[in-house]
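This is what each chain is made of:
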2 protein chains.
Amino acid sequence: MAVYTPVPAEALEQFLARYETGTLLSAKGIAEGVSNSNFLIETTTERFILTLYEERTDLSELPYFIALMEHMASAGLPVPRPLRDKSGNALQTVEGKAACLIQFLPGVSVSQPTQAQARAAGAALAKLHLAGADFALVRRNGLSLPWWQATAKDLAPRLDEIAPGLSGRVAEGIKTVSAHWPNNLPTGTIHADLFPDNVLMLGDRVTGLIDFYFACTDLLAYDLAVLHAAWAFPLDGNAPLPGHEAALFEGYEAIRPLSRAERHAFAVLGQGAALRFLLSRAQDWLAPHSDALVQRKDPLPFARRLDHYARLA
Amino acid sequence: MAVYTPVPAEALEQFLARYETGTLLSAKGIAEGVSNSNFLIETTTERFILTLYEERTDLSELPYFIALMEHMASAGLPVPRPLRDKSGNALQTVEGKAACLIQFLPGVSVSQPTQAQARAAGAALAKLHLAGADFALVRRNGLSLPWWQATAKDLAPRLDEIAPGLSGRVAEGIKTVSAHWPNNLPTGTIHADLFPDNVLMLGDRVTGLIDFYFACTDLLAYDLAVLHAAWAFPLDGNAPLPGHEAALFEGYEAIRPLSRAERHAFAVLGQGAALRFLLSRAQDWLAPHSDALVQRKDPLPFARRLDHYARLA
């Protein structure tokens, strides 16, 4: 939610000269994402987002993310294309930071999706899954079951500071997903974080799928469970909105029908998705020097989702 | 440097319906200014900056700033025009905050102005001064001599924490400006903060004068002293760049020649300008709960400018 590394206009002009994309007309630092610096840049020919990857980013993973965005854009999905400079390089260095100039896409992120928007998001995710089938690179999901187990254990002594009983509730959830996590479902490239924040829309139309920095290779149906956790509930995380829930599945299955095994596993996949965001938010919440620049998000709405998915089982 | 008040896309869409300006295509929170929330907004017809005025803004002063920007834009200066809604109102409420939708202007803020850019900035300031002659509203300069005196007194016990001897140096400066501050020079509407940050340029051309939230009625030549302090020195504040200095004056005087009295007062006006920024930066520097969102600026380059202007006297 901030610009950590300022980039002087003079440096930007020099940087843009590496590309065939006109000269600089405007540059504004934008509050996008939580851990990188982003600039909305306009040249005489186009608009771009320039991302500078800050300390929290593992630089060795950037080629995966850049290749994935290129792959998806080339497949015709509304994914911003990383630009290659005159020498063919997408990955750059700006002000001493790894950086990438990325296509700007129009659209806004909705806060309270409608059913029609949930349907469109479901369809967009399914298209992403189909287009990922011939993406060659693989990345392990670093925020999957082993991370949930380890993080739940780390945070156990302090989870009740967030809400009484949370520690026990998380331990129970971990026990369930550890015992029942499916290992026989279709895998592929997943976004793993497709919250409304990361979907640009114009009306009911998806115009952008962004922020691929959690993308990885994992169960496709887990990605749908993340989407469900993110789109099918009111903001407080209480009971899901039935119309939204139906629309998400309809949208997804119109493009990629779920197998019986995937449907059957939905309750445990949902518990996994709820735990993943409950735990990352709890970790930020309890961090000793919580970065004032990062707005902490309440973990509890994901405890309520966890309860919901547990009741489905 | 941050967005303090998030505005959901749905609320933005409703807000834009008050204007005749098409529908929302894109909205990004931008890191502009230090105390307000700003969004770069694109509709089907135009681009705008939406500013939400946060706690540090005195709401009673907004009509002055809005009227001034309208006046300057109507006079043909590259000043962003505040938009009026279908009912003729420029001042709005968005998410409970006072707000204004303002024209977007192209251009970038340079970090290290060239001589040609300094000349253009001098000319732009002189045009602002001429155009202000028939602006009817008056606003007292809240950051002038009485504020310097009071703030220097408040901070005196702690200034040496910033640099040994700074307290004595400031006291000496205050003594000089208190004894010699001119009261017979032409007054008018001044920008009072025309640093390179607040000037948008394309090459050597000024395309935007922005951030009028310190504008007030005061000595015109004091505004030129602020411009000199901001544009004619290297970033460390050591000896001014003679070419830049000459270019600034040439640019200004090509539009509005200085009187002999204004020229004569330049050393004391410069000391005032240096004290104004030295003291506001020192205040931020020493603030007990220095807001982590505001990047603190080093006061010392303005102590060096103070020394420079004192040597001119």
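In this numbering scheme, every chain counts its residues from 1 along its sequence in written order. As they are written, the chains are lettered A onward and the ligands numbered 1 onward, keeping that order. With pLDDT at 70 or above as the cut-off, local features in this predicted model cover only qualifying residues; side-chain atom pairs require 80 or more to be listed or tallied, and sums for whole chains, interfaces and linings still use all residues.

**Section: the overall build of chain A**
(1) Moving on: Here a helix means four or more residues in a row that DSSP labels H or I, a strand means two or more in a row labelled E, and each is numbered from the N terminus. Regarding its fold elements, chain A presents 10 helices and nine strands.
(2) Moving on: Restricting the calculation to C-alpha atoms gives the radius of gyration, and the globule rule supplies 2.2 Å times the number of residues raised to the power 0.38. For 313 residues, the compact-globule formula gives about 20 Å, and the C-alpha radius of gyration of chain A, at 20 Å, lands near that figure.
(3) Moving on: Considering only C-alpha atoms, chain A reaches an extent of 55 × 45 × 35 Å along its principal axes.
(4) Moving on: Here the C-beta atoms are placed from the backbone, and a residue counts as buried if at least 20 other C-beta atoms lie within 10 Å of its own, exposed if 12 or fewer do, and partly exposed otherwise. With 313 residues in all, chain A has 43% of them scored as buried.
(5) Moving on: Contacts here follow a simple rule: the backbone-placed C-beta atoms of the two residues must lie within 7 Å. Partitioning the intrachain contacts of chain A with sequence separation of at least 6 by distance along the chain shows that 71% fall at a separation of at least 24.

**Side note on helix 10 (residues 300-312) of chain B**
Residues and elements named next belong to chain B.
(1) Moving on: Every helix has an expected span of 1.5 Å times one less than the residues it contains. The end-to-end C-alpha distance of helix 10, which contains 13 residues, comes to 19 Å, matching closely the 18 Å that a straight helix rising 1.5 Å per residue would cover.
(2) Moving on: If you check which residues of helix 10 are buried, you get Pro 301, Phe 302, Ala 303, Arg 305, Leu 306, His 308 and Tyr 309.
(3) Moving on: Of the surrounding elements, those touching the buried residues of helix 10 are helix 5 (166-180), helix 6 (220-231) and helix 9 (266-286).

**Points about the domain arrangement of chain A**
All names here are of chain A.
(1) Moving on: The source of the domain bounds is an automatic or database domain assignment. Here the domain parsing of chain A yields domain 1 (9-103) and domain 2 (115-312).
(2) Moving on: Opposite the 15 residues of domain 1 that make contact, domain 2 presents 17 residues.
(3) Moving on: Each residue is assigned to one of three groups, with Ala, Val, Leu, Ile, Met, Phe, Trp, Tyr, Cys and Pro labelled nonpolar, Asp, Glu, Lys and Arg labelled charged, and all others, Gly among them, labelled polar. For the side of domain 1 that touches domain 2, the class distribution of residues is 12 nonpolar, two polar and one charged.

**Section: the nonpolar core**
(1) Moving on: Formed by 179 residues in total, the largest nonpolar core has its most connected members in A:Ala121, A:Leu278, B:Ala121 and B:Leu278.
(2) Moving on: Excluding residues within four positions of it along the chain, B:Ala121 makes contact with B:Pro113, B:Val199, B:Val206, B:Leu227, B:Trp231, B:Leu248 and B:Gly251. A set of buried residues drawn from Ala, Val, Leu, Ile, Met, Phe, Trp, Tyr and Cys, joined through C-beta atoms within 7 Å, is what defines a nonpolar core.

**Regarding the relation of the copies chain B and chain A**
(1) Moving on: Overlaying chain B with chain A gives an RMSD of 0.0 Å, the required rotation being 180° about an axis along which the chain moves by 0.0 Å. Here the transformation between the copies is reduced to the relation of a two-fold axis. Nearest to the rotation axis, the C-alpha of B:Ile30 is located 2.1 Å from it, this being the minimum over chain B. We place the copies in one frame by least squares, fitting the C-alpha atoms of every residue whose pLDDT is at least 70 in both.

**What to know about the confidence of the model for chain A**
(1) Moving on: Confidence of the prediction at every residue is given by pLDDT, a number between 0 and 100. Looking at chain A, the pLDDT average stands at 94 and 96% of residues meet or exceed 70.
(2) Moving on: ipTM for the predicted complex: 0.88, alongside a pTM of 0.91.

**So, the interface of chain B and chain A**
(1) Moving on: Contact with chain B, which involves 26 residues of that partner, is made by 26 residues of chain A.
(2) Moving on: Only helix 1 (9-16) and strand 1 (24-30) of chain B provide two or more residues apiece to the side of chain B that touches chain A.
(3) Moving on: The leading source of residues in the side of chain B that touches chain A is strand 1 of chain B, at seven residues.
(4) Moving on: Partitioned by chemical class, the residues of the side of chain B that touches chain A number 17 nonpolar, six polar and three charged.

**Concerning the packing of helix 5 of chain B against helix 10 of chain B**
How two helices sit against one another is set out by the angle between their axes and by the gap between those axes.
Residues and elements named next belong to chain B.
(1) Moving on: Convention adopted: a line fitted to C-alpha atoms gives each axis, helices being fitted over their contacting stretch, and angles between N-to-C directions are expressed from 0 to 180 degrees. The contact between helix 5 and helix 10 brings their axes to 11 Å, and the two run at 45°. In terms of axis orientation, helix 5 runs oblique to helix 10. The hand of the helix 5/helix 10 crossing is left-handed. Contact residues: helix 5 offers Leu 166, Arg 169, Gly 173 and Thr 176, while helix 10 offers Ala 303, Leu 306 and Ala 310. Roughly parallel means an angle under 35 degrees; roughly antiparallel, over 145; roughly perpendicular, 65 to 115; everything else is oblique. In this scheme the handedness of a crossing depends on how the near helix is turned from the far one: anticlockwise by less than a right angle means left-handed, clockwise means right-handed.

**Some points on unusual backbone geometry**
With the exception of glycine, most residues fall at negative phi, and the peptide bonds are largely trans.
Residues and elements named next belong to chain A.
(1) Moving on: Look at Glu 95: it is not a glycine, yet its phi comes out positive at around 50°.
(2) Moving on: On the secondary structure map, Glu 95 appears in the loop between strand 4 (91-94) and strand 5 (97-103).
(3) Moving on: The class of Glu 95 is partly exposed, set by 14 C-beta atoms lying within 10 Å.
(4) Moving on: Notably, Asp 211 is not glycine yet its phi reads approximately 60°, a positive angle.
(5) Moving on: By secondary structure assignment, the location of Asp 211 is in the loop between strand 8 (205-209) and strand 9 (216-219).
(6) Moving on: For Asp 211, a count of 21 C-beta atoms within 10 Å puts it in the buried group.

**Description of the pairing of strand 2 (residues 37-43) of chain B**
All names here are of chain B.
(1) Moving on: With five of seven residues buried, strand 2 is to be regarded as a mostly interior element.
(2) Moving on: Strands are labelled as partners when DSSP assigns at least two bridges between them. Alignment of strand 1 against strand 2, held across six bridges, turns out to be antiparallel. Counted as the bridge partner of Ser 26 is Glu 42 from strand 2.
(3) Moving on: Pairing of strand 2 with strand 3 (residues 47-52) involves six bridges; the strand directions are antiparallel. Considered in strand 3, the bridge of Ser 37 is made with Leu 52.
(4) Moving on: Taken together, strand 2 and the strand that follows it, strand 3, pair antiparallel across an intervening segment of three residues.

**Quick look at helix 3 (residues 115-131) of chain A**
(1) Moving on: Its 17 residues give helix 3 of chain A an end-to-end C-alpha distance of 24 Å, which sits within 8% of 24 Å, the value for a rise of 1.5 Å per residue.
(2) Moving on: In terms of burial, helix 3 of chain A is largely enclosed, as 14 of its 17 residues are buried.

**Let's talk about the packing of helix 5 (residues 166-180) of chain A against helix 9 (residues 266-286) of chain A**
All names here are of chain A.
(1) Moving on: Put simply, helix 5 and helix 9 touch, their axes get as near as 10 Å, and they point 135° apart. Overall, the two elements helix 5 and helix 9 adopt an arrangement that is oblique. The two elements helix 5 and helix 9 cross, and the hand of that crossing is left-handed. Contacts from Val 170, Gly 173, Ile 174, Thr 176, Val 177 and His 180 in helix 5 reach Val 268, Gln 271, Gly 272, Leu 275 and Leu 278 in helix 9.

**Concerning the environment of A:Asp223**
Residue and element names in this part refer to chain A.
(1) Moving on: Relative to the assigned elements, Asp 223 resides in helix 6 (residues 220-231).
(2) Moving on: Once the C-alpha coordinates of Asp 223 and Pro 106 are considered, the two residues, 117 residues apart in sequence, prove to be 24 Å apart.
(3) Moving on: Residues contacting Asp 223, with those up to four places away along its chain left out, are Leu 125, His 129, Ile 190, His 191 and Ala 192.

**Topic: the environment of A:Ala120**
All names here are of chain A.
(1) Moving on: In this structure, Ala 120 sits in helix 3.
(2) Moving on: For the pair formed by Ala 120 and Arg 205, sequence separation is 85 residues and the distance between their alpha carbons is 6.5 Å.
(3) Moving on: Leaving out residues up to four positions away in the same chain, Ala 120 has contacts with Asp 204, Arg 205, Val 206 and Gly 251.

**Quick look at the environment of A:Ser35**
Residues and elements named next belong to chain A.
(1) Moving on: Within the fold, Ser 35 resides in the loop between strand 1 (24-30) and strand 2 (37-43).
(2) Moving on: The spatial distance from the C-alpha of Ser 35 to the C-alpha of Glu 55 is 7.9 Å, given a sequence separation of 20 residues.
(3) Moving on: Those residues in contact with Ser 35 that sit more than four places away from it in its chain are Glu 54, Arg 56 and Thr 57.

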